[in-house]
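# Commentary on secondary and tertiary structure
Spelled out, the chains give:
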Amino acid sequence: MIPKDLSDVQEGDVLAQNVMDFTGNLLVNKGAKLTQQLILQLQSRGIRKVIIESNDPEALKLFEDQKAQSISKIEKIFTDFEGNNSLMELKKAVISYYKNNYVDF
Amino acid sequence: MAITTTQLQEQIKLVLEKLKDIPTLPQVYTQVQGFLENPKSSAKNIAETIQSDPAIASKVLKIANSPFYGFPQRITTITHAIVVLGFSSIKNIVLSCSVVELFKSVGETEMFDYKGFWKHCVATGAFSKIIGKNAGIANLEEVFLAGLLHDLGKIVIFKYFPDEAKKINKIIAGGKKTIGQAEKEALGFSHTEISTWLYEKWNLSRLFIEVAMCHHNPAIATHSRVTSDVVHIADILARAMGIGWAGDHSLPNLQESSLNRLRIKGSDFSRLIQQGMAELGRSKIFIDALGSE
Ligand SMILES: [Fe+2]
Ligand SMILES: [Fe+2]
């Protein structure tokens, strides 16, 4: 899973995350294979960046490292709240989000 | 003898009234607010006022054209924006732009990561909008703003109380205390009281004042309980996601009563996070606005 500018993607790249338009409407589901036509359509909808599946070991390592770093930061935030059920559920939800999504904030 | 809330408020006022050049909102906001209270004002009056402040005017257009509003057609002039979005939205946009400008002027301080803090504000706004939507609140723009504005008192402390700010940073470095606790130890009061004082000075609506005052303890809210509950949970979600810098390495107390009143169960968190992060993506313009001219 790596972010890529739409101008750099190639036909056959697989979307690793849903693509939404400006208003938040779903344009393409994750898992879709990019075709030339789809790339042009997304460009015309003002999409500039997409998250795609990647086999590039360097890119993958970067993503895995970033994920591990975020998750250890999250673990730290929650260390003192082991006894709080709601917060433990929240922690679970946050970690699962980081495992399945690319976060760039 | 225990200090009562009123006594505390009076003490805080004494301290704060001594501050020189306290942050003010740009004149354009006050003027727009004045026009909106006057039934005789026209879109033209308001447009001219906004245009008199080019920094604000260009931001208003950027935000009006951003995914945050998601209008399909391009809005090219302030007058056009007023017609399409309406007076109340324009006032809200001017307020958020004014806060960005304010951040730029008072933000820079070595002791506080103000860009990270701004991210915390925007993320809290985005999560507030989603939680507010789930709670059935109609004016989601206002909920976003209430979230955006919930913590501004923090920046006042770091800018205007440098000695106390050093103490606060020392306490926080220990890792266990929240910024609110550290502020109380170092100053005797916290960002919630400062924001309340500031927003009263700025003449903001009661909703923003109360949310700033009650977001760590919404049970004491009388006028805007639901929005206070919403921002309380949004603040914790934004921190839990590790987005931005809220000022400490811990989490404030999660009020179960807020979860109950909003009918949020542990199993809802996943969905709220998904939706909140998508909303944050649409709100990116606010994060970018801090870096642009
Ligand atoms: Fe706070
Ligand atoms: Fe906060």
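Residues numbered from 1 in each chain as written. Chains lettered and ligands numbered in written order. Predicted model: local features only at pLDDT ≥ 70, side-chain atom pairs only at ≥ 80, totals over all residues. Heavy atoms only, no water.

Turning our eyes to something else, we now look at the coordination of the iron ion (ligand 2). Residues and elements named next belong to chain B. The iron ion (ligand 2) binds to the protein through His-120 (NE2), His-150 (NE2), Asp-151 (OD) and Asp-235 (OD); the donor distances cover 2.1 to 2.2 Å. Classification of the site at the iron ion (ligand 2) as irregular follows from its 4 donor atoms and the range of 85 to 175° in their angles at the metal. Counting the intervening residues between successive donors of the iron ion (ligand 2) yields the motif H-x29-H-D-x83-D. For the pair the iron ion (ligand 2) and the iron ion (ligand 1), the metal-to-metal distance amounts to 3.8 Å, and Asp-151 bridges them. Remark: Asp-151 occurs in the loop between helix 8 (140-148) and helix 9 (153-160) and His-120 occurs in helix 7 (residues 114-134); sequence separation between them is 31 residues. Residue classification places Asp-151 among the buried residues on the basis of a relative accessible area of 0%. (Donors = N, O, S within 2.8 Å, 3.2 Å for Na, K, Ca; no water. Tetrahedral: all angles 85-135°; square planar, octahedral: opposite > 155°, others 65-115°. Helix = DSSP H or I, 4+ residues; strand = E, 2+ residues; numbered from the N terminus. Buried < 20%, exposed > 50% of the residue type's maximum accessible area, 1.4 Å probe, protein only.)

Turning our eyes to something else, we now look at the domain arrangement of chain A. Residues and elements named next belong to chain A. Assigned domains within chain A: domain 1 (1-54) and domain 2 (56-105). Using only C-alpha atoms to locate each centre, domain 1 and domain 2 end up separated by 24 Å. In this assembly, 7 residues from domain 1 lie in contact with 8 residues from domain 2. Across the domain 1 to domain 2 interface the summed buried area is about 680 Å²; carbon plus sulfur atoms make up 58%. Taken as a group, Met-1, Gln-17 and Ser-54 account for 63% of the area that domain 1 buries against domain 2, more than any other trio of residues on that side. Inspection of the region where domain 1 meets domain 2 yields 0 salt bridges. The interface formed by domain 1 and domain 2 contains 1 residue pair in polar contact (both at pLDDT 80 or more). (Domains from an automatic or database assignment. Contact = heavy atoms within 4.5 Å. Buried area = accessible area lost by both parts, 1.4 Å probe. Salt bridge = Lys/Arg side-chain N within 4 Å of Asp/Glu carboxyl O. Polar contact = N/O pair within 3.5 Å; in protein donor to acceptor, adjacent residues only side chain to side chain.)

Take helix 11 (residues 179-187) of chain B next. All names here are of chain B. Along helix 11, the residues classified as buried are Ile-179, Gly-180, Ala-182, Glu-183, Ala-186 and Leu-187. Projected down its long axis, helix 11 carries its buried residues within an arc of 160°, all on one side. Tucked into the core, helix 11 has its buried residues touching helix 9, helix 10 (162-173), helix 12 (191-201) and helix 14 (225-240). (Arc of directions from axis to C-beta.)

Once that is clear, we can look at the coordination of the iron ion (ligand 1). Residues and elements named next belong to chain B. Distances from the iron ion (ligand 1) to its protein donors, Asp-151 (OD), His-191 (NE2), His-215 (NE2) and His-216 (NE2), fall at 2.1 to 2.2 Å. Around the iron ion (ligand 1) sit 4 donor atoms; with metal-centred angles ranging over 84 to 174°, the donor geometry is irregular. Of note, the iron ion (ligand 1) draws all its donor residues from one chain, in the sequence arrangement D-x39-H-x23-H-H. Owing to a relative accessible area of 23%, His-216 belongs among the partly exposed residues under this scheme.

Of the residues lining the interface, 22 residues belong to chain A; the matching set on chain B comes to 30 residues. Interface of chain A and chain B: buried area, both sides summed, is about 2,300 Å²; carbon and sulfur atoms make up 65% of it. Here B:Lys176 and A:Asp80 are joined by a salt bridge, their closest N and O atoms 3.3 Å apart. Across the chain A-chain B interface, the total number found is 4 residue pairs in polar contact (both at pLDDT 80 or more).

Below, the discussion takes up the pattern of salt bridges. Counted under the stated rule, the structure contains 15 salt bridges over all chains. When the shortest N-O distance is used, the salt bridge between A:Glu64 and A:Lys67 registers 3.5 Å. Here A:Glu64 and its partner A:Lys67 are both found in helix 2 (residues 57-77), 3 residues apart, which amounts to about one turn of the helix. In this structure, B:Asp248 and B:Arg239 form a salt bridge, with 2.9 Å as the shortest nitrogen-oxygen distance. As far as burial versus exposure is concerned, B:Asp248 and B:Arg239 are alike and both buried. Each of B:Lys129, B:Glu279 and B:Arg282 takes part in a single network of salt bridges with overlapping partners.

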